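Next come the chains, spelled out residue by residue.
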Amino acid sequence: MPLCLANWRSPPRGPPPGAKRGGQWVSPRHVTWGRRPGNAPGNRYLSSDFRAPGSGFQDAHIQREELRLRGGADAVYSDEPRGAVWWPPAACGPYRLVMARFWVCLAGAGFFLTLLVLHSRFCGSPVLRKFAFQISWRTKEIPYRLDVGWPKHSEYFTGATFCVAIDTLSGLVYIAQRGDNIPKVLVFTEDGYFLRSWNYTVDTPHGIFAASTLHEQSVWITDVGSGSYGHTIKKYNSFGDLVQVLGTPGKKGTGLNPLQFDNPAELYVDDTGDIYIVDGDGGLNNRLIKLSQDFMMLWLHGERGTGPAKFNIPHSVTVDSSGRVWVADRGNKRIQVFDKDTGEWLGAWNNCFTEEGPSSVRFTPDGKFVIVAQLNLSRLLLAAAPPVGSIGNCSVIGTIQLADQVLPHLLDVSGKTGAIYVAEIGAKQVQKYVPMNSYFPSFGS
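Report follows, based on the coordinates. Being a predicted model, the structure only gives us computed values, none of them experimental.

## Re the overall build of the chain
Logical step 1: Each helix and strand counted, the chain has three helices and 31 strands in total.
Logical step 2: Within the chain, contacts between residues at least 6 apart in sequence are counted, and of these 50% link residues at least 24 apart.
Logical step 3: Roughly 20600 Å² of accessible area belongs to the chain as shown, and the carbon and sulfur atoms make up 53% of that amount.

See the structure below:
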């Protein structure tokens, strides 16, 4: 008289293996647990509460809860529903084994999924991140807060602040502003203290990048002015001494030998010293150029258009830790991505920019998120960075909405704290946004 266990809400059809046909699945309300006298140790029986009196069974009224605890199920099958039923434990082996395997597998899958997401988020495994990217955050909460105490003295902002660069190694913040008879470059600490300013050979700054090493502090500025220093990219030391000039000073053009620029927008210098330049903030050129550290041309994409590897106002450029070059193709309302070594086009994001194209693009220090500025919307977007081997679509996880007409032009991110510094040409200031610890425990302050 074997008896087996199953889910009462959806019991299987027919009897379990080894049971006689004609029985029924019985709710635990109608059965109790007991021991049949004289049987081998471990044998158990179930007795219906409406069994015939005088059946001679002992412990027939143990609580139903014990049935649930011992049996681990919500229903029983009795092939003698009006009499007590007993079975050796082995008789229910098939059902109990299947149910045990099911719950073990379910628990294991849940544990694996949790481990996968946590490892992807905090350890940065590129294999796991490919999966985690598909289930990335969808929060609309703001993961940053404004540091209202930065800088300590805002009166040094006397012009339109177009760009900002963070020298993480030295803890310095460089800001370039436009205007007449004002210092063009301001130098602050990341804590907000003003250090110095300089103006030598700077005409009309557009983009700025700090590329320091243990042996050298250097600052690169793209100049779009029409004067004697315009249409060039210049390298300075931290105190404003001119070190290097790329391009033909005061002359715009499209030439490659010698190299000429027309309104160069921004540049990025990677750890090897290679230089990535976006040239064409409304000028003759719409191109992305890669130069070696000794200024030799390595590759070039340089045609105006809407197709892959073509541009309409390439406005900002950055390189991620996976060796991909990201370009804010502002006029085409998209971000294009290229292989750092070969220049191969890898894909594009455009689904996030239907209203306004991106004006600036940077990564958080852990490489997991892309930060994008949208100038005319006065908005910053935080998007999940795609895993290696996949560009996919833009997935926004949060936004920072600035006041109207603030106009965030270009931004940079501290490699130490993850703070975002935003150059606002409308508000004529630079603001600092500090990451919340709950979102970015690896670098939050």
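## Quick notes on unusual backbone geometry
Logical step 1: Of note, the bond from Trp 150 into Pro 151 is cis; its omega dihedral lies within 30 degrees of zero at -10°.
Logical step 2: Considering the arrangement of structural elements, one finds Pro 151 in the loop between strand S8 (144-146) and strand S9 (160-167).
Logical step 3: Residue His 231 is not a glycine yet carries a positive backbone phi of 60°.
Logical step 4: As for its placement among the helices and strands, His 231 is situated in the loop between strand S14 (218-223) and strand S15 (232-237).
Logical step 5: Judged by its relative accessible area of 8%, His 231 is buried.
Logical step 6: Phi is positive for Asn 263, which is not a glycine, with a value near 55°.
Logical step 7: With respect to the helices, strands and loops of the structure, Asn 263 is situated in the loop between strand S16 (242-246) and strand S17 (264-269).
Logical step 8: Look at Asn 263 and you get buried, because its relative accessible area is 17%.

## A word on the pairing of S17
Logical step 1: Within S17, six of the six residues are buried, which leaves it mostly tucked inside the rest of the structure.
Logical step 2: The sheet contact formed by S17 and strand S18 (residues 275-279) spans five bridges and is antiparallel. When the bridges of S18 are listed, Leu 267 appears paired with Ile 277.
Logical step 3: From the end of S17 to the start of S18, which pair antiparallel, there are five residues, and Gly 273 there has a positive phi angle of about 95°.

## Focus: the nonpolar core
Within soluble globular proteins, side chains that are nonpolar tend to cluster in buried spots.
Logical step 1: Judged by nonpolar contacts, the single largest core of 26 residues is most densely connected at Trp 220, Leu 267, Ile 277, Leu 288, Val 317, Val 325 and Val 327.
Logical step 2: Setting aside its immediate chain neighbours within four residues, Leu 267 contacts Phe 209, Trp 220, Thr 222, Ile 233, Ile 275, Tyr 276, Ile 277 and Val 317.
Logical step 3: Of all hydrophobic cores here, the second largest spans 20 residues; its members include Ala 176, Val 187, Val 219 and Tyr 236.

## Some words on the sheet that holds strand S13 (residues 205-210)
Logical step 1: On the basis of which strands lie adjacent, the open sheet formed by four strands has the order S13-S14-S15-S16 and antiparallel pairing. The outermost strands of the open sheet, each flanked by one partner alone, are S13 and S16. Across the sheet, the mean angle separating the axes of adjacent strands is 20° when strand polarity is ignored.
Logical step 2: Across six bridges, S14 lies against S15 in antiparallel orientation. Within the sheet, the bridge partner assigned to Trp 220 lies in S15 and is Lys 235.

## Examining the pairing of S13
Regular strands place side chains that alternate from one sheet face to the opposite one.
Logical step 1: Buried residues dominate S13, accounting for six of its six residues.
Logical step 2: Of the pairings in the sheet, the one linking S13 to S14 comprises five bridges and is antiparallel in character. When the sheet's bridge partners are listed, Pro 205 is paired in S14 with Asp 223.

Calculation criteria
Residues numbered from 1 in each chain as written. Predicted model: local features only at pLDDT ≥ 70, side-chain atom pairs only at ≥ 80, totals over all residues. Heavy atoms only, no water. Helix = DSSP H or I, 4+ residues; strand = E, 2+ residues; numbered from the N terminus. Contact = heavy atoms within 4.5 Å. Areas by Shrake-Rupley, 256 points an atom, 1.4 Å probe, with all protein chains shown as cover. Buried < 20%, exposed > 50% of the residue type's maximum accessible area, 1.4 Å probe, protein only. Pairing = 2+ DSSP bridges. Core = buried A, V, L, I, M, F, W, Y, C linked by side-chain atoms within 4.5 Å. Axes fitted to C-alpha atoms, helices over the stretch in contact; angles between N-to-C directions.

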